[in-house]
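Here is how the chains run, residue by residue.
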Amino acid sequence: LMRLSATQNPAKIHGGGNVNGPGAGALRHAGALSMDFHPSMRGVYVIATEGGLCHKCSSSYTDQYLQTYIGHVGPVIKARWSPFSPLIFITAGSDWTMRLWDQERGNAPAVTITLDPSSRSATNTTTTAAPGTAPSPAISQTQADKLQQLQPLPEYPNDISWSPVSSTVLALAVGKTLQIWDLYNSTMDPIYTIPCESPCVSATFSPSRGVIAAGSSDGSVTIYRIHDDVLYGPIKSLNESEQRDRI
């Protein structure tokens, strides 16, 4: 049984915050929010913590981590190993990011994907300018910042799942949507966004059929069928090694 010791998160410290909040010095143990066993390395697993850190652990050791991964600045909701590469896992956090980790690249994320669209787009709207002059913003930066502060915070992800067929396809449960991402095509936007009547709290691919099961906060489960030619057409002829190279 692994006891998670409370560890300072450098990503939070650099952001000017206290890693565990008021009274953090009194905490001896960290809270785990998710764990996932490695698909091929017996006894190895990754743990996502409420402090924003991820730890790779082994059942052979109960008092030390094999590696600690630093990047999230909020609780890490889910961590999932890639079914195609033994070196890759992905996390989804309450800091509105997905982060892809490659163990050959150390303890920093190899790729960070922002889930809040407002942070990726320009806050200023421009108007048409006269020939030979630069366009002027329709609102000032200060006004834009104030408007952005009034917007409700986006929902953070509740679950993430790898496709068993494509090494770069993921399902993400976030807010009242089920999102399908293909990281090979884009790390900016999902390729499909399916609206849900209630908050989507879980998502998983079927290991044998082209469907995704999505669980909602109201207790319902919805099954979505995937059109293989649309989602998996480009990778049907790839072997396992070529699948790993796509990540």
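This structure is a prediction, so every number in the text was calculated from the model and none was measured. (Residues numbered from 1 in each chain as written. Predicted model: local features only at pLDDT ≥ 70, side-chain atom pairs only at ≥ 80, totals over all residues. Heavy atoms only, no water.)

## Focus: the pairing of strand β6 (residues 88-93)
Rules: Partly exposed residues are those whose accessible area sits between 20% and 50% of the maximum for their type, while under 20% is buried and over 50% is exposed, using a 1.4 Å probe and protein chains only. Helix and strand assignments come from DSSP, with helices taken as H or I runs of at least 4 residues and strands as E runs of at least 2, each series counted from the N terminus. Strand pairing is defined by DSSP finding a minimum of two bridges between the two strands.
In terms of burial, β6 is a largely internal element, six of the six residues being buried. Every second residue of β6 is oriented toward a common face, with Ile 88, Ile 90 and Ala 92 on one face and Phe 89, Thr 91 and Gly 93 on the other, all of them buried. Alignment of strand β5 (residues 76-81) against β6, held across five bridges, turns out to be antiparallel. When the bridges of β6 are listed, Trp 81 appears paired with Phe 89.

## Concerning the pairing of strand β14 (residues 211-216)
Of all six residues that make up β14, five are buried, and the element is covered over most of its length. Here five bridges tie strand β13 (residues 200-205) to β14, and the two strands are oriented antiparallel to one another. Its bridge partner lying in β14, Ser 202 is registered against Gly 215. In sequence, β13 turns back onto β14 through a hairpin of five residues.

## Considerations on the sheet that holds strand β1 (residues 32-37)
Where we set the bar: Geometry is summarised by axes, namely lines fitted to C-alpha atoms with helices restricted to the contacting stretch, and by angles between N-to-C directions that run from 0 to 180 degrees.
The strand order β1-β2-β3-β4 describes an open sheet built from four strands, whose pairing is antiparallel. The two strands at the open ends of the sheet, each matched to only one other strand, are β1 and β4 (67-69). Ignoring which end each strand starts from, the neighbouring axes of this sheet average 25 degrees apart. In this structure, strand β2 (residues 44-49) lies alongside strand β3 (residues 54-58), joined through five bridges in antiparallel fashion. Paired with Val 44 across the strands is Ser 58, a residue of β3.

## Observations regarding the sheet that holds strand β15 (residues 221-225)
Read from one edge to the other, the open sheet built from three strands follows the order β13-β14-β15, with strand pairing classed as antiparallel. In this open sheet, the two strands that pair with only one neighbour each are β13 and β15. Each neighbouring strand pair of the sheet contributes to a mean axis angle of 20 degrees, computed without reference to strand direction.

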